[in-house]
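Residues per chain, in single letters:
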Amino acid sequence: MESDLSDIESDLYPLNVLKDELANVDLQARLSSISKISTVALALGTERTRTELLGFLRENVLNDDDEVIVTLAEELANFVPLIGGAEYVQCLTPLLETLASAEEAIVRDKAVEALLSILKDVTDNEIHVFVQLIQNLAKQDWFCARNSATGLFSSVYPRALNSQRPLLREIFSALCEDETPMVRRAAASKLGRWKFNDSSKSDYIKGMIR
């Protein structure tokens, strides 16, 4: 019985330590703690990182200071191996989707940067996760989420399936005509970043002028 309790305590130890450190009133202490979550993930293993750590971070960090949340986004950019690989990326994107919807621009920008970094680690089999992510951000009432959506198109569209591209064009066109000037400006400024192969450039231009 004592052995079982010891095993349970040992299993919970990394998360309990992280929780205690994140409760520290000192900002620098919390920043130091959140910058080490990769170490916590390694201690927990890939399955527990997916099922426990990501949920823990959502519950305990999202209301912290911007500096802590920005650091979280930076750390999550390198989390694909820690969750077990690209096939589990759908476990990671919801937390970054929340950060990409934040009111603070610096948090949104870091979340988008992290998502673009993660996108480089995924295969074409996982692109649908990012197509869905764009849909989720673009349909939110809060303009900050729609603003973040504009930053993902240029990297997602060229890798999307032909069957997914009409939807992405439709979403991007809607963002270009968004009711919020900030979103329209963001969409217009991002268009120049789009990288096409010959076929995707052709089908995009044809689709946009119909």
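Treat the numbers as computed from the prediction; the structure is a model and nothing was measured. (Residues numbered from 1 in each chain as written. Predicted model: local features only at pLDDT ≥ 70, side-chain atom pairs only at ≥ 80, totals over all residues. Heavy atoms only, no water.)

A. Representation of the overall build of the chain in the model. If you tally the helices and strands in the chain, you get 13 helices and 0 strands. Counted from the first residue to the last, the chain has its helices and strands arranged as α-α-α-α-α-α-α-α-α-α-α-α-α. Out of the 210 residues belonging to the chain, those deemed buried represent 46%. Of all intrachain contacts in the chain linking residues separated by at least 6 positions in sequence, the fraction that spans at least 24 positions is 69%. (Helix = DSSP H or I, 4+ residues; strand = E, 2+ residues; numbered from the N terminus. Buried < 20%, exposed > 50% of the residue type's maximum accessible area, 1.4 Å probe, protein only. Contact = heavy atoms within 4.5 Å.)

B. A look at helix α2 (residues 27-34). Along α2, the residues that are buried comprise Arg 30, Leu 31, Ser 33 and Ile 34. With its buried residues spanning 160° around the axis, α2 presents them on a single face. (Arc of directions from axis to C-beta.)

C. Representation of the packing of aromatic side chains within the structure. Under the criterion given, the structure shown has 2 aromatic pairs. For the pair Trp 142 and Phe 143, a centre-to-centre distance of 5.2 Å together with 50° between the ring planes defines the contact as tilted. Relative to Phe 172, the ring of Phe 153 has its centre 5.0 Å away and its plane inclined at 70°; by these criteria the two rings are edge-to-face. Placement of the pair is Phe 153 in helix α10 (residues 153-156) and Phe 172 in helix α11 (residues 165-176), with a sequence separation of 19 residues. (Phe/Tyr/Trp six-rings, centres within 6.5 Å; stacked < 30°, edge-to-face > 60°.)

D. Structural context of the pattern of salt bridges. All told, the structure shown has 7 salt bridges when counted by the stated rule. Notably, a salt bridge pairs Asp 64 with Arg 30, separated by 3.0 Å at the nearest N-O pair. Here Asp 64, found in the loop between α4 (46-61) and α5 (66-76), pairs with Arg 30, found in helix α2; they are 34 residues apart in sequence, far enough to count as distant. In this pair, the class of Asp 64 matches that of Arg 30, namely buried. Two residues, Lys 110 and Glu 74, come together in a salt bridge whose shortest N-O distance is 3.3 Å. Here Lys 110 is found in helix α7 (residues 105-119), whereas its partner Glu 74 is found in helix α5, with 36 residues between them in sequence. Through salt bridges with shared partners, a single ionic network connects Arg 30, Asp 64 and Asp 65. (Salt bridge = Lys/Arg side-chain N within 4 Å of Asp/Glu carboxyl O.)

E. Structural view of the confidence of the model for the chain. Scored by pLDDT, the chain has a mean of 87; 85% of the residues are at 70 or more. In the model, residues 1-9 has pLDDT below 50 throughout and makes 0 contacts with residues more than four positions away in sequence or in other chains. (pLDDT = per-residue confidence, 0-100.)

F. Quick look at the nonpolar core. Leu 53, Leu 57, Phe 79, Leu 96, Phe 130 and Val 156 are the most contacted members of the largest nonpolar core, which has 62 residues in total. Discounting chain neighbours no more than four positions away, the residues touching Leu 53 are Leu 15, Leu 18, Ile 37, Val 40, Ala 41, Leu 44, Arg 48 and Phe 79. (Core = buried A, V, L, I, M, F, W, Y, C linked by side-chain atoms within 4.5 Å.)

G. Up close: α11. For α11, which comprises 12 residues, the first-to-last C-alpha distance of 16 Å matches the rise-based estimate of 16 Å (1.5 Å per residue) to within 8%. Those residues of α11 that fall on the buried side of the exposure criterion are Arg 165, Leu 168, Arg 169, Ile 171, Phe 172 and Leu 175. In an axial view of α11, the angular spread of the buried residues amounts to 165°, which keeps them on one side of the axis. (Expected span 1.5 Å × (residues − 1).)

H. View of the environment of Gly 151. With respect to the helices and strands, Gly 151 occurs in the loop between α9 (143-149) and α10. A residue is classified by how much of its surface remains accessible, and Gly 151, at 11% relative accessible area, is buried. A C-alpha to C-alpha distance of 8.7 Å links Gly 151 and Glu 113, two positions 38 residues apart in sequence.

I. Up close: the side chain of Asp 178. Position of Asp 178 relative to the elements: it lies in the loop between α11 and α12 (181-191). Residues in contact with Asp 178, not counting those within four places in the same chain, are Arg 146, Val 183 and Arg 184.

J. Representation of the environment of Val 112 in the model. Among the structural elements, Val 112 can be located in helix α7. The class for Val 112 is buried, based on a relative accessible area of 12%. Other than its neighbours up to four places away in sequence, Val 112 contacts Ser 148, Gly 151 and Leu 152.

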